[in-house]
Amino acid sequence: MNHAQSGQETPPGTPPGRRHGGWIWFWLLLAALAGAAAGYWAASTAGEETAAARYRQLKSQFELVTAQNHHDYQALQGRLDTLQGQMLVEESTRKSLEAALQSTQAELGRARDQLAFFDRLLPPGPNGSVSIRALDFEPRGPTLLYKVLLMRNAPGTEPFAGRMQFVAKGSMGGKAVTLTLEPAAAPAAEEAATDVSDAEGAASEQTPLALQFEQFQRSEGMLDLPEGFEVASVTLNVLEGKTLRVSRTVNLPAGE
């Protein structure tokens, strides 16, 4: 068979070994391409797994942060509710205090008006003089409760120092009697003294009827009544030493 009839013509003079070497290089190139493709696929698969793991990590962190933020929000909401409740209580307390203050101011205004009215009814004397602004008696069994308010027109150079004397008129055994009443041995009420300039006027510790104050003083106590003595009237004398500074008489209704 000549070369013209074969399936592939070999150039004249080509050695047979050279023809087989071309095929070897072809297969080597094909194997290299297949290896490169396999490496690319493996790298792509590894990258996808790494990306998936990173996604799962980020998702877990996001869920953790979201849960923490929700917890913080709930805590802040609870704190806000507590503060709003406290504000409501404080607002209610403030309104109550304002109402009480307004009521007190109104009462103080009425007291000032009454004091001015009494000042006009009982005009004080010269500076430093003593006046009896209020006097009341209430029989209590064998004793007589007294309440008295004394005032000076204006503070003098020194506090007023004196004493009270209670003289009662009435009847005993069908006869008219005048008696000087003494403090009860066990008084049911303690004397109270108030001094505007010095906050509290100090009553003498020697006797409950002693007086010492600068502007005004309230006194309260019990007086002994002799057995069988029916009181008709009681006179309060305010003495400075042996000098009578002021006097007032109160008549008691019959039967008291």
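For the structure itself, look to the data block above.
Residues numbered from 1 in each chain as written. Predicted model: local features only at pLDDT ≥ 70, side-chain atom pairs only at ≥ 80, totals over all residues. Heavy atoms only, no water.

1. As for the overall build of the chain
For the chain, the count of helices and strands is one helix and eight strands. Starting at the N terminus, the α and β elements of the chain follow one another as α-β-β-β-β-β-β-β-β. By the burial criterion, 21% of the 256 residues in the chain qualify as buried. Across the chain, the fraction of contacts at a sequence separation of at least 24, relative to all contacts at a separation of at least 6, is 63%. (Helix = DSSP H or I, 4+ residues; strand = E, 2+ residues; numbered from the N terminus. Buried < 20%, exposed > 50% of the residue type's maximum accessible area, 1.4 Å probe, protein only. Contact = heavy atoms within 4.5 Å.)

2. Some details on the sheet that holds strand β1 (residues 130-140)
Strand order in the open sheet made by the three strands is β1-β2-β6, with antiparallel pairing throughout. Each edge of the open sheet is held by one strand with a lone partner, namely β1 and β6 (216-224). If you compare each strand with its neighbour and ignore which way they point, the axes differ by 15 degrees on average. (Pairing = 2+ DSSP bridges. Axes fitted to C-alpha atoms, helices over the stretch in contact; angles between N-to-C directions.)

3. A look at the environment of Met 151
Within the fold, Met 151 resides in strand β2 (residues 143-152). By relative accessible area, which is 18% here, Met 151 ends up buried. Counting along the chain gives 63 residues from Met 151 to Glu 214, while the straight-line C-alpha distance between them is 8.4 Å. Excluding residues within four positions of it along the chain, Met 151 makes contact with Ser 129, Val 130, Ser 131, Arg 133, Phe 213, Gln 215 and Phe 216.

4. Thoughts on the pattern of salt bridges
The final tally for this structure, using the stated rule, is four salt bridges. A salt bridge links Arg 140 to Glu 138; the nearest nitrogen and oxygen atoms lie 3.5 Å apart. Exposure remark for Arg 140: the relative accessible area of 42% places this residue in the partly exposed category. A salt bridge links Glu 240 to Arg 245; the shortest N-O distance between them is 2.6 Å. A relative accessible area of 46% places Arg 245 in the partly exposed class. What emerges from the salt-bridge pattern is a single network uniting Glu 91, Arg 94 and Glu 98. (Salt bridge = Lys/Arg side-chain N within 4 Å of Asp/Glu carboxyl O.)

5. Quick word on the pairing of β1
Judged from the ten bridges that link them, β1 and β2 form a sheet pairing that is antiparallel. Counted as the bridge partner of Phe 137 is Tyr 146 from β2. Between β1 and the antiparallel strand that follows it, β2, lie two residues; Gly 141 among them carries a positive phi value of about 65 degrees.

6. Remarks on the nonpolar core
Core analysis: the largest hydrophobic core is formed by 27 residues, its most contacted members being Phe 137, Phe 166 and Val 238. At the level of secondary structure, the elements contributing two or more residues to this core comprise β1, β2, β3 (160-172), β4 (175-181), β5 (210-213), β7 (230-240) and β8 (243-251). With residues up to four places along the chain from it excluded, the contact list for Val 238 reads Val 130, Ile 132, Leu 150, Phe 160, Arg 163, Leu 211, Thr 243, Leu 244, Arg 245 and Val 246. (Core = buried A, V, L, I, M, F, W, Y, C linked by side-chain atoms within 4.5 Å.)

7. With respect to the pairing of β2
Within β2, eight of the ten residues are buried, which leaves the element mostly enclosed by the surrounding structure. As defined by bridge partners, β2 adjoins β6 across nine bridges and the pair is classed as antiparallel. Each bridged residue has a counterpart across the sheet, and for Met 151 the counterpart in β6 is Phe 216.

8. Some remarks on the packing of aromatic side chains
Enumeration according to the criterion identifies three aromatic pairs in this entry. An angle of 40 degrees between the planes, with centres 4.7 Å apart, marks the rings of Tyr 146 and Phe 166 as tilted. Of this pair, Tyr 146 sits in strand β2 while Phe 166 sits in strand β3, and the two are 20 residues apart along the sequence. In this structure Tyr 146 comes out as buried when scored by relative accessible area, which is 2%. Residue Phe 166 is classed as buried on the basis of its relative accessible area, which comes to 0%. Relative to Phe 213, the ring of Phe 160 has its centre 5.6 Å away and its plane inclined at 55 degrees; by these criteria the two rings are tilted. Of this pair, Phe 160 sits in strand β3 while Phe 213 sits in strand β5, and the two are 53 residues apart along the sequence. An identical accessibility class is assigned to Phe 160 and Phe 213; each is buried. (Phe/Tyr/Trp six-rings, centres within 6.5 Å; stacked < 30°, edge-to-face > 60°.)

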